[in-house]
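Results of the structural survey
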Amino acid sequence: MTERVPLHPDEALSIVQALPVATPREETVLLTEALDRALPRSVPAPMDSPPFDKAAMDGFAVRADDESERFRIVETIAAGDTPGGAAVPGGAGSTGPVGSTGATGGLQAGECARIMTGARVPVGTGKVVRVEFTEVNEGWMRLTQPEPLGNVIRRGENARAGSDLLTPRVLGPADIAVLAAMGIPSVSVAARPMVGIVATGSELRLPGESLSDGQIYNSNSFSLCAQARRAGALTTDYGIVRDDRAVMTQTIARALAESDVLLLSGGVSMGDYDYVPEVLAECGVTVRFHKLRIKPGKPTLFGTTDRGFVFGLPGNPASTYVLFELFVAPLIQRLMGLTHQPIVHRGELAVELSRRIADRVEYLPARIADGVVEPCAYRGSNHINGVADANCLIRMELDQTHIAQGSVVHVRQI
Ligand code: AMP
Ligand code: MG
């Protein structure tokens, strides 16, 4: 299917997201390498966590129903000890002064065990009275105030063996801790998709080179590369190609063959030298849509090959940036087996927004802080500086000419 009338961006996103993608290839990485990697399948818990009932406080383990005034201290249990005196391998060893809960088959009424945070509680423990609420005298413990909490973390309370330990997600530091806490040393993550980047434009030079009259620096290759990496992809930068059909065809054909997603910037518009659409057709790309009812980014093109996906993004740096966030990042996530959920915040608009022409969905860079949304100083799609100051995008809908000051708006985090 090829859409050639300007599409609503929501419809365009549905087209991108409805295309089938292969189940991601997976690779096993050590936990130390797992940060920010995509977990495409749930990981089952291999054991109960914690694996035993353990003390959440330093204090004294007592029976639940014990109304005694004083408790005889029958043993001391350190983290790593087994109640009853048999130290676990590598444990500190029990130093119980008299008797032991192990020997008596658990705590009896009137008995308590001095216990450290993290230690396994004796059989029969109902609660751990925190040490601050007690007084100790010659092998006996007395409560100085009632303990309102249980202070015992029960076996399997954090996770039950066989349950979903982690569902699909991008792995953060706490997720990595969850895996480590289960004794899992490595994790199977989605292979990173390969994103190729080509900047088209005869006016472009690389930072570090000198500019002749009429030339500008290529910034899009750098933003796209950084955005693609942040989204979880590997990148190949194919550099700058000048607006010459033959040169463009050569580079684009090679990049298409090597990329899961190819990103082109520039050359998709109505100019005499905007060769990208013809070159893509020549390279066997099926165009799925070209032109959107969106600002910035109207000339955006999206197509597919047998091997992958290609976006022709307009060259204006703010367009390129915004379009990546709206369309490319979700696709990269999907290629890694994840569902993209944009992060949306609600806030009060600090100023009135108005526009005369409302024939496109418009995205405006803004900053949200403390529930207040302040549009950035932004002069349009050529003005990447305005985007750099932003942490979110305001969206104005088709036919929406005003948003009143103080209105509650939903903004998309970028
Ligand atoms: P185009 O989409 O090729 O018509 O380009 C639109 C505008 O974006 C022009 O002002 C270009 O000079 C500028 N532009 C194109 N490519 C880049 C790039 N890679 N980096 C920065 N600006 C660019
Ligand atoms: Mg151009």
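Residues numbered from 1 in each chain as written. Chains lettered and ligands numbered in written order. Predicted model: local features only at pLDDT ≥ 70, side-chain atom pairs only at ≥ 80, totals over all residues. Heavy atoms only, no water.

Lining the immediate environment of ligand 1, one finds 16 residues, of which Glu-203, Asn-218, Ser-219, Gly-267 and Gly-315 sit closest. The contact in question runs from an oxygen atom of ligand 1 to an N or O atom on the backbone of Gly-315, over 2.8 Å. Expressed as a share of its isolated accessible area of 480 Å², the protein-covered part of ligand 1 is 79%. Sorting the residues of the shell around ligand 1 by element identifies strand S15 (194-200) and strand S17 (216-217) as the ones contributing at least two each. Here the residues of the shell around ligand 1 are counted per class, giving six nonpolar, nine polar and one charged. (Near = heavy atom within 4 Å. Polar contact = N/O pair within 3.5 Å; in protein donor to acceptor, adjacent residues only side chain to side chain. Areas by Shrake-Rupley, 256 points an atom, 1.4 Å probe, with all protein chains shown as cover. Helix = DSSP H or I, 4+ residues; strand = E, 2+ residues; numbered from the N terminus. Nonpolar A, V, L, I, M, F, W, Y, C, P; charged D, E, K, R; others polar.)

Attention now moves to the pairing of S15. Within S15, six of the seven residues are buried, which leaves the element mostly enclosed by the surrounding structure. Sheet topology places S15 next to strand S19 (residues 261-265); five bridges connect them, and they run parallel. Looking across to S19, one finds that Ile-197 is bridged to Leu-263. (Buried < 20%, exposed > 50% of the residue type's maximum accessible area, 1.4 Å probe, protein only. Pairing = 2+ DSSP bridges.)

We now examine the side chain of Asp-175. Relative to the assigned elements, Asp-175 resides in helix H2 (residues 173-181). A relative accessible area of 12% places Asp-175 in the buried class. If we skip the residues at most four places from it in the chain, Asp-175 touches Leu-166, Arg-169 and Val-170. (Contact = heavy atoms within 4.5 Å.)

Taken together, the buried positions of H2 are Asp-175, Ile-176 and Leu-179. Looking down the long axis of H2, one finds its buried residues gathered within 100° of arc, a one-sided arrangement. Turned more than 90 degrees off the buried face of H2, the exposed positions are Pro-173, Ala-174 and Ala-181. Next to the buried residues of H2 lie strand S3 (43-44), strand S12 (164-166), strand S13 (169-170) and strand S14 (186-190). One or two steps after H2, the chain reaches Gly-183, where phi turns positive at roughly 80°. (Arc of directions from axis to C-beta.)

Glancing now at unusual backbone geometry. Along the chain, Ser-49 connects to Pro-50 via a cis peptide bond; the corresponding omega equals -10°. Within the secondary structure, Pro-50 sits in the loop between S3 and strand S4 (54-55). Look at the link from Lys-295 to Pro-296: it is a cis peptide, with omega at 0°. When you line up the elements, Pro-296 lands in the loop between strand S21 (294-295) and strand S22 (301-304). Positive phi values are uncommon outside glycine, yet Asp-399 reaches one of about 70°. Note on placement: Asp-399 falls in the loop between strand S28 (392-396) and strand S29 (402-403). Under the relative-accessibility criterion, Asp-399 is labelled exposed at 68%.

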